[in-house]
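Chain by chain, the residues run as shown.
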Amino acid sequence: MLTFRQLQTTDDLLDSADREFSEGNALKAMEMLRDAVETTLTDIAREKGWPHANDDDLYKVAEWLNQKDDMGEFLLTGYTAAYGFPDKVRYGFFDMADGDADDARYIARSYVEVARELAD
């Protein structure tokens, strides 16, 4: 089971991302959302005694969680999406006016919630 400190760290990243979006700092916000997803998977891997040193390891954690999930491929596609969040901004595929920030927030927060539930 994840500790309060682990949960709080991820929640702080999500809340900080919201603040960055409100200040117009899309790249920083997207990096924080990605970090929240990665932190969640890393914490789960640590708790289970699994490797967690790189993106391949974390993808394997997402695969394991995905096997327990009845939402299709959300944990795999969500991880891939979060991993690419910062590049979406860097390469001009992000537009706050089109609701991209809301979509990214929803994906990251939903991902963290589902991953936490399935890890127990």
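Residues numbered from 1 in each chain as written. Predicted model: local features only at pLDDT ≥ 70, side-chain atom pairs only at ≥ 80, totals over all residues. Heavy atoms only, no water.

Another point: the overall build of the protein. Helices and strands together make up the secondary structure of the protein, namely five helices and zero strands. Secondary structure elements in the protein, listed N-terminal to C-terminal, are α-α-α-α-α. Whereas a compact globule of 120 residues would reach a radius of gyration of roughly 14 Å, the protein reaches 14 Å, a difference of no more than 12%. Along the first, second and third principal axes, the C-alpha set of the protein runs to 40 × 30 × 25 Å. Split into buried and exposed, the 120 residues of the protein put 45% on the buried side. (Helix = DSSP H or I, 4+ residues; strand = E, 2+ residues; numbered from the N terminus. Rg over C-alpha atoms; globule rule 2.2 N^0.38 Å. Buried < 20%, exposed > 50% of the residue type's maximum accessible area, 1.4 Å probe, protein only.)

Inspection of the entire model under this criterion finds five aromatic pairs. One aromatic cluster in this structure is built from Tyr 59, Tyr 79 and Tyr 83. (Phe/Tyr/Trp six-rings, centres within 6.5 Å; stacked < 30°, edge-to-face > 60°.)

The subject of this paragraph is the packing of helix α3 (residues 55-67) against helix α5 (residues 100-119). At a minimum axis separation of 10 Å, α3 and α5 run at an interaxial angle of 70 degrees. Between α3 and α5, the angle falls in the class roughly perpendicular. Along its contact with α3, which presents Ala 62, Trp 64 and Leu 65, the element α5 presents Tyr 111, Ala 115, Leu 118 and Ala 119. Considered class by class, the residues forming the contact of α3 with α5 number seven nonpolar, no polar and no charged. (Axes fitted to C-alpha atoms, helices over the stretch in contact; angles between N-to-C directions. Parallel < 35°, antiparallel > 145°, perpendicular 65-115°, else oblique. Contact = heavy atoms within 4.5 Å. Nonpolar A, V, L, I, M, F, W, Y, C, P; charged D, E, K, R; others polar.)

Moving on to the confidence of the model for the protein. Of all residues in the protein, 100% have pLDDT values of 70 or greater, and the mean over the chain is 93. Element-level mean pLDDT values for the protein span from 93 in helix α1 (residues 4-22) up to 96 in helix α2 (residues 26-48). (pLDDT = per-residue confidence, 0-100.)

Further remarks concern the nonpolar core. Of all hydrophobic cores here, the largest spans 35 residues; its most connected members are Phe 21, Leu 33, Leu 41, Leu 65, Leu 75 and Tyr 111. Those elements that place two or more of their residues in this core are α1, α2, α3, α4 (74-90) and α5. It is α2 that provides the largest number of residues to this core, a total of 10 residues. (Core = buried A, V, L, I, M, F, W, Y, C linked by side-chain atoms within 4.5 Å.)

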